[in-house]
Amino acid sequence: MLIFCVYIGNSQHIQRDTIFAKKLLKKADSLTEKGNYEASTKIALQAAVIFKDEKNWKQWFEAYNTIFFNGYHPEKFDTTIELVKKGLPTLPTSETFLLGRLQYILGFCYERKGAIFDALPYYEKSLQNFKIVKNADFTNRLYGNISQLYTQLG
């Protein structure tokens, strides 16, 4: 009976944390819409920590997707790259689709900076992951991105 009570208590704690983190992420998205990218990024990182602790990887990715958009609009790709690289090792390798999406984000950011040689490895890793999960949309998109980069390289 005691184990059951502890389990219920832990479940309620996790649920409260998840609800709080979702509210944080909603606030971060609201700040992004208002152009307050730095504050939004800070709040999204707070949400990501909670989602990581709860092993809620889809929501964790959504927090990093918000961080990406916060770097995209003002073209602060270096900040996005730094933050995503710090978060990338947190994601379990079993989350193949989300891993592919984060690698895609890194490749995209490097490409937008004009760092083709840095973008290619992330695009290629992302492509491998999307092939594993058989995601035709991202696979086709990546073939296009990679071919454009090789065309630029001559």
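Refer to the structure printed above.
Basis of the calculations
- Residues numbered from 1 in each chain as written.
- Predicted model: local features only at pLDDT ≥ 70, side-chain atom pairs only at ≥ 80, totals over all residues.
- Heavy atoms only, no water.
- Helix = DSSP H or I, 4+ residues; strand = E, 2+ residues; numbered from the N terminus.
- Expected span 1.5 Å × (residues − 1).
- Buried < 20%, exposed > 50% of the residue type's maximum accessible area, 1.4 Å probe, protein only.
- Patch = residues over 30% accessible without salt bridge, like charges linked within 9 Å, V, L, I, M, F, W, Y side chains within 5 Å.
- Areas by Shrake-Rupley, 256 points an atom, 1.4 Å probe, with all protein chains shown as cover.
- Salt bridge = Lys/Arg side-chain N within 4 Å of Asp/Glu carboxyl O.
- Contact = heavy atoms within 4.5 Å.
- Core = buried A, V, L, I, M, F, W, Y, C linked by side-chain atoms within 4.5 Å.

Participant: If you had to explain helix α2 (residues 37-53) to someone new, which residues and values would you point to?
Facilitator: With 17 residues, α2 should cover 24 Å at 1.5 Å per step; its first-to-last C-alpha distance of 24 Å lies within 8% of that length. All of the buried residues in α2 are S40, T41, I43, A44, A47, A48, I50 and F51. Phi for K55, located one or two positions after α2, is positive at around 55°.

Participant: If you had to explain a nonpolar patch on the surface to someone new, which residues and values would you point to?
Facilitator: Taken together, the side chains of F117, Y150 and L153 define a hydrophobic patch exposed on the protein surface, amounting to about 340 Å² of accessible area. Of note, F117 is situated in helix α6 (residues 116-132). Under the relative-accessibility criterion, F117 is labelled exposed at 65%.

Participant: So what's going on with the environment of L120? Which residues, and what values?
Facilitator: Note on placement: L120 falls in helix α6. A relative accessible area of 7% places L120 in the buried class. Each C-alpha atom of the pair L120 and L106 lies 9.7 Å from the other, and the pair is 14 residues apart in sequence. Apart from residues no more than four positions distant in its own chain, L120 is found in contact with I146, L149, Y150 and L153.

Participant: Any chance you could break down the nonpolar core for me, citing the residues and the numbers?
Facilitator: A general trend in soluble globular proteins is that nonpolar side chains are found buried together. Counting 45 residues, the largest nonpolar core has W60, Y64, L91, L102, I105 and Y123 as its most contacted members. Of all elements in the fold, only α1 (2-33), α2, α3 (57-72), α4 (77-87), α5 (96-113), α6 and α7 (136-153) reach the threshold of two or more residues within this core. Looking at this core element by element, the count peaks at 9 residues for α5. Here W60 is in contact with A48, F51, K52, G87, T90, L91 and L102, once residues within four sequence places are set aside.

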